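Chain and residue survey
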Amino acid sequence: MDAVAVPLSDLTNMPEPQQVYAADGTRLATYTWGELDAPVVVIVHGFASSARDTWVLTGWVRELTKAGYRVLALDQRGHGLSQKPHQPDAYGIRTLATDVETVMDAYLVDDAFYVGYSLGARVGWEVVRDLPHRIGRAVLGGVPDGIPLARLDLDQVRAYLADGTPVSDATTQNYITLTERVPGNDLAALVALAEGMRSSRTIDPDPSNAPAGPILFATGSKDAIIEGSKALASAAPQGRFFEIPDRNHFNAPGSRAFKEAALAFLSEA
């Protein structure tokens, strides 16, 4: 694939979002970069982040576009410039996966690659399993097995929201710090998302029902979830694992080694 020269300023400034409406009427902010006839990579960010924070500021959009891809991103519901419902039932994993399919349909994208990180990788597990005829390859970064967001202490977050009670759980404090770092985040909406995804109390992703297509799993060497990610890679029929050197869950997206491994994997198609 021929590389495309694009001015740096075009890839660090966010384009105006195009609004797509989900089946339940939730407004989703979406973005595109690159040539219209280029192969498409759908990129989906993590919990308490946004398309800008996970993919633009870390250089992913720049590198993907330079490699000749058209990039399609969305702010997941509850994040960025998308609508932020406060009802937990608005955030089931099936709903989040269907949002991605809706965005692909709205842009008339019949087939694409998928790159997701953290929550975006959980959603991606569902998307690539549901749409094997439309997703040729996927990169799923920072995705553990188990109950979604189980490490987040929701009672402590609620107390913090209600009256500023300090959060003692280190993992929960890390999530709050991340939430407050990203402009426009609504902590109440993100609590609703965590409640919605955890309400079933079922294991997700389910390694016994893994997607069949080629998937690169990638997790930081300093990330506590690395063994769960390796287990999912082993369960996937065409899974492969890449250990992102010297990175934890929160700074892995900025790794050059991660981007290089992902681009090499996508180029194998």
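Predicted model, so just to flag it, every value in this text is computed and none were measured.

Our next topic: the side chain of Ser229. Residue placement: Ser229 occurs in helix 9 (residues 226-235). With relative accessibility at 0%, the residue Ser229 sits in the buried group.

If you look at soluble globular proteins, the nonpolar side chains tend to sit buried side by side. With 55 residues, the main nonpolar core has Val42, Val100, Tyr114, Val123, Leu140 and Phe217 as its most contacted residues. Top contributing element to this core by residue count: helix 8 (residues 187-198), with eight residues. For Leu140, the residues in contact, after removing those within four places along its chain, are Tyr114, Gly116, Ala121, Gly124, Trp125, Ile215, Leu216, Phe217 and Ala218. Formed by 28 residues, the second largest nonpolar core is a distinct cluster that contains Trp55, Val56, Tyr69 and Ala252.

A word on the packing of helix 4 (residues 93-106) against helix 5 (residues 119-130). At a closest axis distance of 9 Å, the pairing of helix 4 and helix 5 adopts a crossing angle of 75°. As judged from the angle between their axes, helix 4 and helix 5 are roughly perpendicular. Each of Ile93, Arg94, Leu96, Ala97 and Val100 in helix 4 lies in contact with helix 5, whose residues at this interface are Leu119, Arg122, Val123, Glu126, Val127, Arg129 and Asp130. Class assignment of the residues belonging to the contact of helix 4 with helix 5 gives a composition of seven nonpolar, no polar and five charged.

Procedures and definitions
- Residues numbered from 1 in each chain as written.
- Predicted model: local features only at pLDDT ≥ 70, side-chain atom pairs only at ≥ 80, totals over all residues.
- Heavy atoms only, no water.
- Helix = DSSP H or I, 4+ residues; strand = E, 2+ residues; numbered from the N terminus.
- Buried < 20%, exposed > 50% of the residue type's maximum accessible area, 1.4 Å probe, protein only.
- Core = buried A, V, L, I, M, F, W, Y, C linked by side-chain atoms within 4.5 Å.
- Contact = heavy atoms within 4.5 Å.
- Axes fitted to C-alpha atoms, helices over the stretch in contact; angles between N-to-C directions.
- Parallel < 35°, antiparallel > 145°, perpendicular 65-115°, else oblique.
- Nonpolar A, V, L, I, M, F, W, Y, C, P; charged D, E, K, R; others polar.

Honestly, it's all geometry; don't read function into it.
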